[in-house]
Amino acid sequence: MKRLGAAFFDRRTETVAKELLGKYLTLRTKTATLSGLIVETEAYHENDPASHSYKGKTPRNAPMFGKPGHAYVYFTYGMHWCFNIVTEKDGTAGAVLIRAVEPVSGIELMKKNRKKKDVYQLTNGPAKFTQAFGITEKYNNMDLINGAIGIYDERQRMPGSIVRTNRIGISVAKDDLMRFYVRDNPFVSVK
DNA sequence: CTCTGGATTAGCT
DNA sequence: GCTAATCCAGAGC
(Lines give C-alpha, C1' and ligand atoms only; values in the text may rest on other atoms or scores of the structure.)
Protein backbone atom coordinates (compact mmCIF):
# COMPACT_ATOMS: atom_id res chain seq x y z
CA MET A 1 0.00 0.00 0.00
CA LYS A 2 1.40 3.31 -1.07
CA ARG A 3 0.48 6.53 0.74
CA LEU A 4 -0.50 9.27 -1.69
CA GLY A 5 1.65 12.42 -1.70
CA ALA A 6 0.93 16.07 -2.40
CA ALA A 7 1.26 15.63 -6.18
CA PHE A 8 -1.87 13.48 -6.30
CA PHE A 9 -3.99 16.24 -4.76
CA ASP A 10 -2.32 19.14 -6.59
CA ARG A 11 -4.50 18.69 -9.70
CA ARG A 12 -7.95 19.59 -11.01
CA THR A 13 -10.58 18.96 -8.32
CA GLU A 14 -12.73 16.93 -10.68
CA THR A 15 -9.84 14.63 -11.58
CA VAL A 16 -8.93 14.07 -7.94
CA ALA A 17 -12.57 13.37 -7.03
CA LYS A 18 -12.78 10.67 -9.69
CA GLU A 19 -9.41 9.11 -8.87
CA LEU A 20 -10.09 8.98 -5.12
CA LEU A 21 -12.63 6.24 -5.80
CA GLY A 22 -11.11 2.88 -4.91
CA LYS A 23 -8.47 4.43 -2.61
CA TYR A 24 -8.26 3.64 1.09
CA LEU A 25 -8.83 6.32 3.71
CA THR A 26 -7.20 5.36 7.00
CA LEU A 27 -7.34 7.14 10.36
CA ARG A 28 -4.88 6.11 13.06
CA THR A 29 -5.21 7.14 16.69
CA LYS A 30 -3.34 5.89 19.76
CA THR A 31 -6.01 3.29 20.38
CA ALA A 32 -7.51 2.40 17.03
CA THR A 33 -7.19 2.18 13.28
CA LEU A 34 -10.20 2.88 11.12
CA SER A 35 -10.11 2.28 7.41
CA GLY A 36 -12.53 2.47 4.51
CA LEU A 37 -12.52 2.23 0.75
CA ILE A 38 -13.73 5.47 -0.85
CA VAL A 39 -16.79 4.75 -3.01
CA GLU A 40 -18.48 8.17 -3.41
CA THR A 41 -17.11 11.73 -3.78
CA GLU A 42 -18.17 15.19 -4.91
CA ALA A 43 -15.99 17.93 -6.43
CA TYR A 44 -16.27 21.60 -5.38
CA HIS A 45 -14.03 23.75 -7.54
CA GLU A 46 -12.87 27.39 -7.57
CA ASN A 47 -15.59 28.96 -9.71
CA ASP A 48 -18.44 26.83 -8.52
CA PRO A 49 -21.59 28.56 -7.19
CA ALA A 50 -22.25 25.55 -4.93
CA SER A 51 -18.83 25.76 -3.29
CA HIS A 52 -18.19 27.46 0.05
CA SER A 53 -15.25 29.14 -1.66
CA TYR A 54 -17.33 30.79 -4.40
CA LYS A 55 -17.52 34.25 -2.85
CA GLY A 56 -13.93 34.36 -1.70
CA LYS A 57 -11.82 33.41 1.25
CA THR A 58 -13.32 33.60 4.76
CA PRO A 59 -12.15 32.17 8.09
CA ARG A 60 -14.37 29.13 7.58
CA ASN A 61 -13.38 28.18 4.05
CA ALA A 62 -9.71 29.19 4.31
CA PRO A 63 -8.45 25.57 4.19
CA MET A 64 -9.96 25.25 0.69
CA PHE A 65 -7.56 27.95 -0.49
CA GLY A 66 -4.60 26.32 1.24
CA LYS A 67 -2.27 23.46 0.46
CA PRO A 68 -3.51 20.43 -1.48
CA GLY A 69 -3.67 17.23 0.53
CA HIS A 70 -4.96 18.94 3.66
CA ALA A 71 -8.38 18.44 5.26
CA TYR A 72 -11.30 20.87 5.18
CA VAL A 73 -13.80 19.88 7.87
CA TYR A 74 -16.92 21.98 8.39
CA PHE A 75 -19.98 21.87 10.63
CA THR A 76 -23.47 22.01 9.12
CA TYR A 77 -27.17 21.71 9.97
CA GLY A 78 -26.34 22.38 13.61
CA MET A 79 -25.12 18.85 14.18
CA HIS A 80 -23.10 17.32 11.37
CA TRP A 81 -19.48 17.35 10.24
CA CYS A 82 -18.39 16.98 6.64
CA PHE A 83 -14.88 15.95 5.59
CA ASN A 84 -13.20 17.24 2.43
CA ILE A 85 -9.77 16.82 0.89
CA VAL A 86 -8.24 20.04 -0.44
CA THR A 87 -7.15 20.05 -4.08
CA GLU A 88 -5.45 22.44 -6.53
CA LYS A 89 -2.31 24.43 -5.88
CA ASP A 90 -1.85 26.56 -2.77
CA GLY A 91 -3.88 29.77 -3.28
CA THR A 92 -6.52 28.16 -5.54
CA ALA A 93 -9.70 26.90 -3.88
CA GLY A 94 -10.92 23.37 -4.40
CA ALA A 95 -11.96 20.35 -2.35
CA VAL A 96 -13.45 16.90 -2.67
CA LEU A 97 -16.24 15.91 -0.28
CA ILE A 98 -16.03 12.30 0.87
CA ARG A 99 -19.66 11.16 0.75
CA ALA A 100 -19.31 7.43 1.41
CA VAL A 101 -16.78 4.71 2.10
CA GLU A 102 -16.97 0.93 2.35
CA PRO A 103 -15.87 -0.09 5.88
CA VAL A 104 -12.65 -2.13 5.88
CA SER A 105 -11.12 -2.07 9.38
CA GLY A 106 -12.29 -0.92 12.78
CA ILE A 107 -15.87 -1.87 11.97
CA GLU A 108 -16.76 -2.60 15.62
CA LEU A 109 -15.66 0.90 16.64
CA MET A 110 -17.65 2.39 13.75
CA LYS A 111 -20.74 0.55 15.00
CA LYS A 112 -20.17 1.96 18.47
CA ASN A 113 -19.63 5.51 17.17
CA ARG A 114 -22.75 5.32 15.01
CA LYS A 115 -24.91 3.41 17.50
CA LYS A 116 -25.95 1.18 14.59
CA LYS A 117 -25.18 -2.45 13.88
CA ASP A 118 -26.13 -2.64 10.21
CA VAL A 119 -22.81 -2.34 8.38
CA TYR A 120 -24.53 -0.71 5.41
CA GLN A 121 -25.70 2.17 7.62
CA LEU A 122 -22.27 3.03 9.05
CA THR A 123 -20.65 5.15 6.37
CA ASN A 124 -23.13 5.63 3.49
CA GLY A 125 -23.40 9.42 3.75
CA PRO A 126 -21.00 12.32 4.37
CA ALA A 127 -22.00 12.90 8.01
CA LYS A 128 -22.44 9.19 8.69
CA PHE A 129 -18.86 8.62 7.60
CA THR A 130 -17.47 11.40 9.84
CA GLN A 131 -19.50 10.11 12.79
CA ALA A 132 -18.31 6.53 12.25
CA PHE A 133 -14.67 7.70 12.09
CA GLY A 134 -15.00 10.28 14.88
CA ILE A 135 -13.99 13.15 12.60
CA THR A 136 -14.69 16.65 14.01
CA GLU A 137 -13.08 20.10 13.86
CA LYS A 138 -9.94 18.57 15.41
CA TYR A 139 -9.09 17.34 11.93
CA ASN A 140 -9.72 20.60 10.11
CA ASN A 141 -6.70 21.67 8.08
CA MET A 142 -4.82 18.48 8.98
CA ASP A 143 -2.04 17.41 6.63
CA LEU A 144 -3.11 14.14 5.04
CA ILE A 145 0.36 13.51 3.62
CA ASN A 146 1.93 13.04 7.07
CA GLY A 147 -0.95 13.28 9.57
CA ALA A 148 -3.21 10.81 11.35
CA ILE A 149 -5.47 10.49 8.32
CA GLY A 150 -3.92 9.28 5.08
CA ILE A 151 -5.05 8.13 1.63
CA TYR A 152 -3.57 4.88 0.37
CA ASP A 153 -3.44 3.16 -2.99
CA GLU A 154 -3.35 -0.57 -3.48
CA ARG A 155 -2.31 -0.89 -7.09
CA GLN A 156 -3.95 -4.21 -7.89
CA ARG A 157 -7.35 -2.97 -6.85
CA MET A 158 -9.69 -1.79 -9.56
CA PRO A 159 -12.49 0.54 -8.44
CA GLY A 160 -14.92 -0.89 -10.97
CA SER A 161 -17.08 1.17 -13.24
CA ILE A 162 -17.49 4.82 -12.23
CA VAL A 163 -20.78 6.71 -12.46
CA ARG A 164 -20.69 10.47 -12.93
CA THR A 165 -23.81 12.43 -11.96
CA ASN A 166 -25.17 15.54 -10.25
CA ARG A 167 -24.46 16.40 -6.62
CA ILE A 168 -26.77 15.78 -3.67
CA GLY A 169 -28.36 18.30 -1.32
CA ILE A 170 -27.40 21.57 -3.01
CA SER A 171 -29.70 24.30 -4.31
CA VAL A 172 -27.47 25.90 -6.97
CA ALA A 173 -25.53 24.28 -9.83
CA LYS A 174 -27.81 21.29 -9.34
CA ASP A 175 -27.11 19.92 -12.79
CA ASP A 176 -23.31 20.03 -12.69
CA LEU A 177 -21.96 16.51 -13.02
CA MET A 178 -19.56 16.71 -10.10
CA ARG A 179 -20.51 13.60 -8.14
CA PHE A 180 -18.72 10.31 -8.70
CA TYR A 181 -19.43 6.86 -7.30
CA VAL A 182 -18.59 3.21 -7.84
CA ARG A 183 -21.37 1.51 -9.79
CA ASP A 184 -23.37 -1.11 -7.88
CA ASN A 185 -21.43 -0.59 -4.64
CA PRO A 186 -23.89 -1.12 -1.75
CA PHE A 187 -22.21 1.52 0.43
CA VAL A 188 -22.98 4.48 -1.86
CA SER A 189 -25.35 6.98 -0.17
CA VAL A 190 -27.92 7.44 -2.95
CA LYS A 191 -28.15 5.30 -6.08
C1' DC B 1 -27.57 43.18 15.46
C1' DT B 2 -30.98 40.09 13.27
C1' DC B 3 -32.31 36.78 10.00
C1' DT B 4 -32.00 32.90 6.76
C1' DG B 5 -30.84 28.63 5.24
C1' DG B 6 -27.60 24.97 4.87
C1' DA B 7 -22.34 19.96 0.64
C1' DT B 8 -27.60 15.98 6.58
C1' DT B 9 -29.85 12.45 9.10
C1' DA B 10 -33.33 9.82 11.61
C1' DG B 11 -37.72 8.99 12.64
C1' DC B 12 -42.47 9.32 11.70
C1' DT B 13 -46.73 9.37 8.59
C1' DG C 1 -42.87 11.91 1.64
C1' DC C 2 -42.16 15.31 5.48
C1' DT C 3 -39.84 17.58 9.07
C1' DA C 4 -37.41 18.35 13.60
C1' DA C 5 -33.03 18.66 15.44
C1' DT C 6 -29.72 22.58 16.50
C1' DC C 7 -25.69 25.71 15.35
C1' DC C 8 -23.45 29.16 12.94
C1' DA C 9 -21.64 31.53 8.50
C1' DG C 10 -22.75 35.02 5.69
C1' DA C 11 -25.67 38.73 4.22
C1' DG C 12 -28.19 42.77 5.06
C1' DC C 13 -29.24 46.75 7.78
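Residues numbered from 1 in each chain as written. Chains lettered and ligands numbered in written order. Predicted model: local features only at pLDDT ≥ 70, side-chain atom pairs only at ≥ 80, totals over all residues. Heavy atoms only, no water.

**As for the environment of N140**
- Residue placement: N140 occurs in the loop between α5 (126-133) and β7 (149-153).
- For the pair formed by N140 and Y74, sequence separation is 66 residues and the distance between their alpha carbons is 7.5 Å.
- Setting aside residues up to four positions removed in sequence, N140 forms contacts with P63, A71, Y72 and V73. (Helix = DSSP H or I, 4+ residues; strand = E, 2+ residues; numbered from the N terminus. Contact = heavy atoms within 4.5 Å.)

**Let's talk about the nonpolar core**
- In this structure, L20, F83 and F133 are the most contacted members of the largest nonpolar core, which totals 40 residues.
- In this structure L20 touches F8, F9, I38, T41, I85, V96, I98 and I151, once residues within four positions along its chain are discounted.
- Ranked by size, the runner-up nonpolar core spans twelve residues in total, among them A50, M64, V86 and A95. (Core = buried A, V, L, I, M, F, W, Y, C linked by side-chain atoms within 4.5 Å. Buried < 20%, exposed > 50% of the residue type's maximum accessible area, 1.4 Å probe, protein only.)

**Here's the deal with the pattern of salt bridges**
- A complete count under the given rule lists nine salt bridges for this structure.
- A salt bridge links E40 to R99, with the shortest nitrogen-to-oxygen separation between them at 2.8 Å. In this pair, E40 is assigned in strand β3 (residues 33-45) and R99 in strand β6 (residues 94-105), connecting sequence segments 59 residues apart.
- We classify R99 as buried; its relative accessible area is 7%.
- Each of E40, E42, R99 and R179 takes part in salt bridges that share partners, so that together they form one network. (Salt bridge = Lys/Arg side-chain N within 4 Å of Asp/Glu carboxyl O.)

**Some details on the packing of helix α4 (residues 107-114) against α5**
- Contact geometry of α4 with α5 gives a least axis separation of 7 Å together with a crossing angle of 110°. With respect to each other, α4 and α5 are oriented roughly perpendicular. α5 is crossed by α4, and the crossing has right-handed handedness. Seen from α4, the contacting residues are M110, N113 and R114; seen from α5, they are K128, Q131, A132 and F133.
- Partitioning the contact of α4 with α5 into residue classes produces three nonpolar, two polar and two charged. (Axes fitted to C-alpha atoms, helices over the stretch in contact; angles between N-to-C directions. Parallel < 35°, antiparallel > 145°, perpendicular 65-115°, else oblique. Left-handed = near helix turned anticlockwise from the far one by under 90°. Nonpolar A, V, L, I, M, F, W, Y, C, P; charged D, E, K, R; others polar.)

**As for the protein's contact with DNA strand B**
- Close contacts around DNA strand B come from 20 residues, with H52, Y74, H80, N84 and R114 the closest.
- Among all atoms of DNA strand B positioned within 4 Å of the protein, those belonging to sugar or phosphate total 52%.
- In the model, a phosphate oxygen of DNA strand B is placed 2.9 Å from a nitrogen or oxygen of the A127 main chain.
- Here the surface near DNA strand B takes three residues from α5, the largest share from any one element.
- The residue inventory of the surface near DNA strand B, partitioned by class, reads ten nonpolar, six polar and four charged. (Near = heavy atom within 4 Å. Polar contact = N/O pair within 3.5 Å; in protein donor to acceptor, adjacent residues only side chain to side chain.)

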